[in-house]
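# Architecture and fold: a report
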Amino acid sequence: MARHLRSRSLLHPLWLGALALLVLNDHALKGSGLLPGWLTGKLSDFAGLLVAPAVLAALLRASSRRGFLGAHLATGAVFSAIKLAPAAARAVEALMALTPLPWRITVDPTDLIALPMLFLSYRVLGSYRMLGEAARGPEPARRPIAHRLALMAGSLACVATSRAPEPEPCGGTNGCVPPAPQELASLVIGNTTETEQLIRVRRLRASVRVDCGVLLADPTGALSRELFADAETWLIQPGRALPLGNAGCDAYLIDAGGLPLTLLAWSATQFPEQVLTTSTQNPQPARVIALQRAGSRLELAEHPAVFDAPPVEPPPPAGACSPSVEGSRLDWTVRDEVTAVVASVTSSPDGCHAIALGPDERVFYLCMPAEALPIQAGDIVSLRSVMITGGLYPELRQGEQARARGVAIESEAYAVVALQGNVLARPWMLDRGATARDFTVELQPIAGCGGFHDACGSLVAPLEVSLLGEGISGVVSLRAGESEELKEGVGTLHLVRAEDMPVRDTECFSAPLDQTRLLESVFVAAPAAP
């Protein structure tokens, strides 16, 4: 009985009708000119998704409703993969190439419009009457034969539905043009030369983050060569095109023998990903960057996405862009709250200090300007971590969340808080400064400095910090390496670093937080009154 229940759906009128439409469309309508090509392609998808799940269930001997559902889910997963991912389509093509019925698959996300046919198939063909109702009376001898014939016809129709067409004879006055291959991409590089070309393609590293507005305003100046991954090599035949994807804001470095290094940069807003032809015959003009001859050399044709490559060595920072204090950065190894006696303090030229605590002289490291570090041997200090994950701060941009981390060091004689993130250190972050008046902060790019590239290749734009408010005498402007004493003897604010990093490599980012703005500051409270 199970055998009859497994294959009962193959004799349902809906399934037989879909099978007839699939065979008629694939072997008569396609290429006949009676219907548009896009329509015959969609008909195959709609009919095929009604035929294939029941065939798969029968081949797998799925006798339960759960098994029938599994056949539908598997069909939908494979269909979605080959219509969305070129790699999946090519893998299926390679597998079918081993059979007498090779496939040619067109990657087209719009074909997913046919997926509701799976729901229709499951609801109608998988109904209790068709799959779960026991056969009444003896099964006619002819019925198993009909089941087998239907299964054979459905299997052949499914494996032949995407069969690659036989090559058309080329000749006469018109010749013939084979179907153009297609891929999901934003742009393509089309080889318009008469010979095959070996080109090298380097994409931005996956760890690179970019502010798209800054990148597209000046791609050559915003990027450096260190931000790109290792090259991939592609051989492009004459008349063919290499697809390049970009689902956000991306950039590529392209070069070849005779082609100087060239930068490609664009956003998905300019050129969203879509199915593009990878042939230079009848291309989408705005989406093709032509690789062409320029005398004895090669070049990429003029296009909104084509720019000069970044220089081999970006110019070093100079003038207003020069760091005020070389090597001065915040860092620390304190993670847990600790109270102990300072055994020794050893400072190094790079601005880092080794502080030994307690009788066991356990060492932790603290990197900050020496003038902001009052710790001495014999002090009894309490160290704790500071974390800022919200709140209102005037230095934040609209919609930006406060995110910073730091370390607080307090003793009877002094108190220090060092903070790294997108907000500045404040007196109230220390126990003894809870009642201190706050101040307002404004951040502006330093005049005359458009930014520079650091050792990681990240684009760094130094900022000038303006302080005003009840806790400040007048208006004070600070740059990295400068400090200001607050009113009423509250203490001193040291600005260690103030930078925007609109293009950055997060794997080589010195800050613990991945954000475009980085402020490093130290507030040193005035000594407590005796």
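Here the residue index of a chain counts from 1 through its sequence in written order. Local features in a predicted model are, by the rule used here, given only for residues with pLDDT of at least 70; side-chain atom pairs are given and counted only at 80 or more, and totals for whole chains, interfaces and linings are based on all residues. Excluding hydrogens and water, the side-chain values take into account all heavy atoms of the structure.

In this section: the overall build of the protein chain. Each helix is a run of DSSP H or I of at least 4 residues and each strand a run of E of at least 2, with the numbering of both proceeding from the N terminus. Counting secondary structure elements, the protein chain contains ten helices and 26 strands. Only protein chains enter the accessibility calculation, which uses a 1.4 Å probe; a residue is then buried when its area is under 20% of its type maximum, exposed when over 50%, and partly exposed in between. Counting over 530 residues, the protein chain shows a buried share of 45%. For the protein chain, long-range pairs separated by at least 24 residues make up 68% of all intrachain contacts whose partners lie at least 6 apart in sequence. Per-residue accessibility takes into account occlusion by the displayed protein chains alone, with areas from the Shrake-Rupley method and a 1.4 Å probe. In the structure as shown, the protein chain presents an accessible area of about 26400 Å², 57% of it carried by carbon and sulfur atoms. Two residues form a contact once any of their heavy atoms are found within 4.5 Å.

Below, the discussion takes up the nonpolar core. Ile388, Leu424 and Leu467 are the most contacted members of the largest nonpolar core, which totals 31 residues. Within the residue set of this core, elements represented by two or more residues are β17 (380-388), β18 (404-410), β19 (415-421), β20 (440-445), β22 (459-468), β23 (476-478), β25 (491-505) and β26 (517-525). Other than its neighbours up to four places away in sequence, Leu424 contacts Glu395, Leu419, Met429, Phe439, Val441, Val465, Leu467, Leu493, Leu495, Leu519 and Ser521. Val51, Ala57, Ala58 and Met117 belong to the second-largest nonpolar core, a separate cluster that totals 25 residues. To define a nonpolar core, start from buried Ala, Val, Leu, Ile, Met, Phe, Trp, Tyr and Cys residues and group those joined through side-chain atoms within 4.5 Å.

Time to look at the pattern of salt bridges. The working definition used for a salt bridge is a side-chain nitrogen of Lys or Arg within 4 Å of a carboxyl oxygen of Asp or Glu. A full pass over the atoms with the stated rule returns 13 salt bridges. Note that Asp255 and Arg200 form a salt bridge whose closest N and O atoms lie 2.9 Å from each other. One end of the pair, Asp255, is in strand β7 (residues 249-256); the other, Arg200, is in strand β3 (residues 197-203), with 55 residues separating them in the sequence. Residue Asp255 is classed as buried on the basis of its relative accessible area of 17%. Assessed through its relative accessible area of 30%, Arg200 is described here as partly exposed. A salt bridge links Arg384 to Glu410; its shortest N-O distance comes to 3.4 Å. With a gap of 26 residues between them, Arg384 in strand β17 and Glu410 in strand β18 connect regions that are remote in the sequence. Taking relative accessible area as the criterion, Arg384 reaches 22% and is therefore assigned partly exposed. Here the salt bridges do not stand alone but share partners, grouping Arg397, Glu400, Asp500 and Arg517 into one network.

The next point concerns the environment of Val423. One can find Val423 in the loop between β19 and β20. Considering only alpha carbons, one finds Val423 and Ala402, 21 residues apart in sequence, at a separation of 6.6 Å.

This brings us to the pairing of strand β14 (residues 338-347). Regular strands show a simple pattern: their side chains alternate between the two faces of the sheet. Should DSSP find at least two bridges between two strands, the strands are taken to pair. Bridge analysis of β14 against β17 gives four bridges, and the strand direction is antiparallel. Paired with Thr339 across the bridge in β17 is Ser382. Sheet topology note: the β14/strand β15 (residues 352-357) ladder contains five bridges and is antiparallel. Following the sheet pairing, Val345 is matched in β15 by Ile355. Between β14 and the antiparallel strand that follows it, β15, lie four residues; Gly351 among them carries a positive phi value of about 90 degrees.

Moving on to the sheet that holds strand β12 (residues 306-308). Read across the open sheet, the five strands follow the order β5-β3-β7-β8-β12; overall the sheet is antiparallel. Edge positions in the sheet fall to β5 (232-236) and β12, since each has one partner strand and no second. Across this sheet, the average inter-strand angle for adjacent strands is 35 degrees, counted without regard to direction. Sheet topology places β3 next to β7; five bridges connect them, and they run antiparallel. Residue pairing for β7: Arg202 is matched across the bridge by Leu253. Axes here mean lines fitted to C-alpha atoms, for a helix over just the part in contact, with angles spanning 0 to 180 degrees between N-to-C directions.

As summarised here, the arrangement of the four strands in space is β6-β2-β10-β11, forming an open sheet in which the pairing is mixed. Since the sheet does not close on itself, it has two edges, and those belong to β6 (241-244) and β11 (297-300), each with one partner. Averaged over neighbouring strand pairs, the angle between their axes works out to 20 degrees when direction is ignored. When strand β2 (residues 187-191) meets β6, the two strands line up antiparallel, connected through four bridges. Opposite Leu187, over in β6, you have Leu244 as the bridge partner.

Any two cysteine sulfur atoms lying within 2.5 Å of each other are counted as a disulfide. If you walk through the whole model with that rule in mind, you get two disulfides. A disulfide bridge connects Cys212 with Cys249, and the sulfur atoms are separated by 2.2 Å. Taking the torsion about the sulfur-sulfur bond, which here is approximately 80 degrees, the covalent link between Cys212 and Cys249 counts as right-handed. With Cys212 in helix α9 (residues 212-217) and Cys249 in strand β7, the pair connects residues that are 37 residues apart, well separated along the chain. Overall, Cys212 belongs to the partly exposed group, its relative accessible area being 25%. A disulfide bridge connects Cys352 with Cys367, and the sulfur atoms are separated by 1.9 Å. Every disulfide takes its handedness from the sign of the S-S torsion; for Cys352 and Cys367 that torsion is 100 degrees, giving right-handed. On the criterion of sequence distance, the pair formed by Cys352 in strand β15 and Cys367 in strand β16 (residues 362-367) is long-range, its members being 15 residues apart. Each member of the pair, Cys352 together with Cys367, is buried.

Across the interface, helix α4 (residues 65-84) lies against helix α6 (residues 116-125) with an axial gap of 10 Å and an inter-helix angle of 165 degrees. In terms of orientation, α4 and α6 fall into the roughly antiparallel class. For α4 against α6, the interelement crossing comes out right-handed. Seen from α4, the contacting residues are Arg65, Phe68, Leu69, His72, Thr75 and Gly76; seen from α6, they are Leu118, Ser121, Tyr122 and Leu125. Tallied by class, the residues present in the contact of α4 with α6 amount to five nonpolar, four polar and one charged. To sort the angles, those under 35 degrees are grouped as roughly parallel, those over 145 as roughly antiparallel, those from 65 to 115 as roughly perpendicular, and the leftovers as oblique. When the near helix sits turned anticlockwise from the far one by under a right angle, the crossing is termed left-handed; a clockwise turn instead gives a right-handed crossing. In this classification, the charged set is Asp, Glu, Lys and Arg, the nonpolar set is Ala, Val, Leu, Ile, Met, Phe, Trp, Tyr, Cys and Pro, and all remaining amino acids, among them Gly, are polar.

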